[in-house]
Amino acid sequence: MKKLINLQERIFIAGASGMAGSSIKKNLLEAGYGLKENGGLLLTPSREKLDLSKKERVEEWFRKNKPTIVIIAAAKVGGILANSTKTADFLLENIKIQTNIIESAWENDTKRLLFLGSSCIYPKYAKQPIKEEELLNGPLERTNISYAIAKIAGIKLCEALREQYNFDSISLMPTNLYGPGDNYDLQSSHVVASLIRKFYFAAKNNLPEVICWGSGHPLREFMHVDDLAKSVIFALENWNPSNKNSPLDTDGNPLTFLNVGTSKEISIKDLSNLIAKEVGFQGNICWDYSKPDGTPRKNLDISRIRKLGWSPTIDLENGLRNTITDFSENIKNYT
């Protein structure tokens, strides 16, 4: 089957310096995209050169650079603490960033656009494993409601532009991500990065215990960022929701967003034990039950993207080992 994009594309990666964006850039180059000898170009402006929250600057940049492919990996992200204490920031900044990019791409005749959402868009008590139809089927988890609402708005904007103006925009909903280049700030990091940092320094300093938030009982699914990057390239090359063989929802309508994950769950308690073992922590792990657990379970149904031909390849133990090695080798950049 002929690929929907080619090696000569001018590809804009919004958020190319972040964990997801940098992995997408690396994997695009490995696949032959963005190479001068192939006639391609990767556009990866820094925040200093392009503030994505400023509409006029984004519009001007698009008029000048005319990307043919746009990948939106840019977002204000964080863990439970950041999401639950900076609700206005998460809502405002994410809506500005994604709307500015999506609208400018549409207005400047971008060929294909891929928007990265998040599994937090789904209801707190969604049916498990979570199918795409669960979107807007119940109340959201309060600790990340602003981020989730912003992501839902981005998905729906892409969907609306496709329906009304035939703009070729698609979205992927990744599960919890981890990997090299993650954010290890204890005030704003996600769970894997936070635990790696805690246990790494606890082991290094021979601390007797590490305190973790909540009960440790919630189940989570984790995907290495390189698997996400490969799913992005796969979707851009192969998935057109308008094709007759593309995934449909239970009402027979074309899906414009698909789940991406591993389908494998682990409790936060078991994840903590696994990371502690990998870094050589010998002390006690204590749980602070006064802190929130978040959504009790969040396991994505990825059967639709699997049917298209994509599957994850990195298991959790090897992925964590790779990430911990990266953290230890680049610790000055992360602390």
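Bear in mind the structure is a predicted one, so any value in this text is a computation, not a measurement. (Residues numbered from 1 in each chain as written. Predicted model: local features only at pLDDT ≥ 70, side-chain atom pairs only at ≥ 80, totals over all residues. Heavy atoms only, no water.)

Student: Is there a simple way to think about the overall build of the chain in this case?
Tutor: Regarding its fold elements, the chain presents eleven helices and twelve strands. For the chain, whose C-alpha radius of gyration is 20 Å, the value lies close to the compact-globule estimate of 20 Å for 335 residues. For the chain, buried positions account for 52% of its 335 residues. For the chain, restricting intrachain contacts to residue pairs at least 6 apart in sequence, the fraction spanning at least 24 positions comes to 80%. Each charge sign in the chain was given a centre, from 43 positive and 39 negative side chains, and these centres are 2 Å apart. (Helix = DSSP H or I, 4+ residues; strand = E, 2+ residues; numbered from the N terminus. Rg over C-alpha atoms; globule rule 2.2 N^0.38 Å. Buried < 20%, exposed > 50% of the residue type's maximum accessible area, 1.4 Å probe, protein only. Contact = heavy atoms within 4.5 Å. Lys, Arg positive; Asp, Glu negative; His and termini not counted. Charge placed at Lys NZ, Arg CZ, Asp CG, Glu CD.)

Student: Even after reading the chapter, I still don't get the pairing of strand 8 (residues 219–224), so can you show me in this structure?
Tutor: The side chains of a regular strand alternate between the sheet's two faces. A large share of strand 8 lies buried, amounting to five of its six residues. Here three bridges tie strand 6 (residues 176–178) to strand 8, and the two strands are oriented parallel to one another. Bridged to Tyr178 within strand 8 is His224. Inspection of the sheet shows strand 8 paired to strand 12 (residues 297–298) by two bridges, in the parallel sense. For Leu219, the partnering residue across the bridge sits in strand 12 and is Arg297. (Pairing = 2+ DSSP bridges.)

Student: What is the right way to look at helix 10 (residues 316–329) in this model?
Tutor: Given 3.6 residues to a turn, an α-helix orients residues that are three or four positions apart in the same direction. The first and last C-alpha atoms of helix 10 sit 20 Å apart over 14 residues, in line with the 20 Å expected at 1.5 Å per residue. Where helix 10 is buried, its residues contact strand 6, helix 6 (191–204), strand 8, helix 8 (268–279) and helix 11 (331–334). For helix 10, the side-chain oxygen to backbone nitrogen distance between the N-cap and Glu317 is 3.2 Å, and the N-cap itself is Asp315. (Expected span 1.5 Å × (residues − 1). Polar contact = N/O pair within 3.5 Å; in protein donor to acceptor, adjacent residues only side chain to side chain.)

Student: Looking at this model, I keep getting lost on the pattern of salt bridges. Mind explaining?
Tutor: It is possible for side chains of opposite charge to pair when their charged atoms get near one another. In this structure the tally under the stated criterion is 16 salt bridges. The residue Glu141 makes a salt bridge to Lys124 at a minimum N-O spacing of 3.3 Å. Pair noted here: Glu141 is in the loop between strand 4 (112–116) and helix 5 (145–165) and Lys124 is in the loop between strand 4 and helix 5, with a separation of 17 residues, a long-range link. On the basis of relative accessible area, Glu141 is assigned to the buried category, the value being 6%. We classify Lys124 as partly exposed; its relative accessible area is 23%. (Salt bridge = Lys/Arg side-chain N within 4 Å of Asp/Glu carboxyl O.)

Student: Is there a simple way to think about the layout of surface pockets in this case?
Tutor: Unfilled space is identified by rolling a water-sized probe across the atoms. The calculated volume of the second largest pocket comes to roughly 290 Å³. Lining the second largest pocket are 19 residues, with Lys156, Glu159, Asp249, Leu255 and Phe257 positioned closest to its centre. Tallied by class, the residues present in the lining of the second largest pocket amount to six nonpolar, five polar and eight charged. (1 Å grid on protein atoms, 1.4 Å probe; cavity = no way out; pocket = protein on both sides within 12 Å on 5 of 7 lines; lining within 4 Å. Points joined across faces, edges and corners; volume = space filled by probe spheres on them. Nonpolar A, V, L, I, M, F, W, Y, C, P; charged D, E, K, R; others polar.)

Student: Quick question: what am I supposed to make of the environment of Ile102 here?
Tutor: By the element assignment, Ile102 lies in helix 4 (residues 87–107). Considering only alpha carbons, one finds Ile102 and Gln8, 94 residues apart in sequence, at a separation of 22 Å. Look past the residues within four positions of Ile102 in its chain and what remains in contact with it is Ile72, Leu113, Phe115, Gly154, Leu157, Cys158, Leu161 and Phe167.

Student: Can you help me understand the packing of aromatic side chains in this one?
Tutor: The way to describe two aromatic rings as a pair is by their centre distance and the angle between their planes. Here the structure, examined in full by the defined rule, presents ten aromatic pairs. Judged by centre distance (5.7 Å) and plane angle (80°), the rings of Phe12 and Phe62 are edge-to-face. With Phe12 in strand 1 (residues 10–14) and Phe62 in helix 2 (residues 55–65), this residue pair connects regions lying 50 residues apart in the sequence. Each member of the pair, Phe12 as well as Phe62, is classed as buried. (Phe/Tyr/Trp six-rings, centres within 6.5 Å; stacked < 30°, edge-to-face > 60°.)

Student: Sorry, what's going on with the packing of helix 1 (residues 19–30) against helix 7 (residues 225–238) here?
Tutor: One can describe the packing of helix 1 onto helix 7 by two numbers: an axis separation of 8 Å at closest approach and a directional angle of 60°. Judged by the angle between their axes, helix 1 and helix 7 are oblique. For the pair helix 1 and helix 7, the crossing hand works out as right-handed. Between helix 1 and helix 7, the contacting residues are Met19, Ala20, Ser23, Ile24, Lys26, Asn27 and Leu28 on the first element and Val225, Asp226, Leu228, Ala229, Lys230, Val232 and Ile233 on the second. Looking at the contact of helix 1 with helix 7 residue by residue, the class counts come to nine nonpolar, two polar and three charged. (Axes fitted to C-alpha atoms, helices over the stretch in contact; angles between N-to-C directions. Parallel < 35°, antiparallel > 145°, perpendicular 65-115°, else oblique. Left-handed = near helix turned anticlockwise from the far one by under 90°.)

Student: I tried to follow the state of the cysteines on my own but got confused; where do I start?
Tutor: Where two cysteines share a covalent bond between their sulfur atoms, that bond is called a disulfide. Scanning the entire structure with this criterion turns up zero disulfides. Free of any disulfide, Cys158 has its nearest cysteine sulfur in Cys120, 16 Å distant. Cys286 takes part in no disulfide bond, and the closest cysteine sulfur, belonging to Cys212, lies 8.6 Å away. (Disulfide = S-S within 2.5 Å.)

Student: Hey, could you run me through the side chain of Arg304 in this one?
Tutor: Looking at the secondary structure, you find Arg304 in helix 9 (residues 303–308). A polar atom in the side chain of Arg304 sits 3.2 Å from the backbone oxygen of Leu248. Contact partners of Arg304, with chain neighbours within four places excluded, come to Lys131, Glu132, Glu133, Pro247, Leu248, Asp249, Thr250, Leu255 and Leu258.

None of this, on its own, says anything about what the molecule does.
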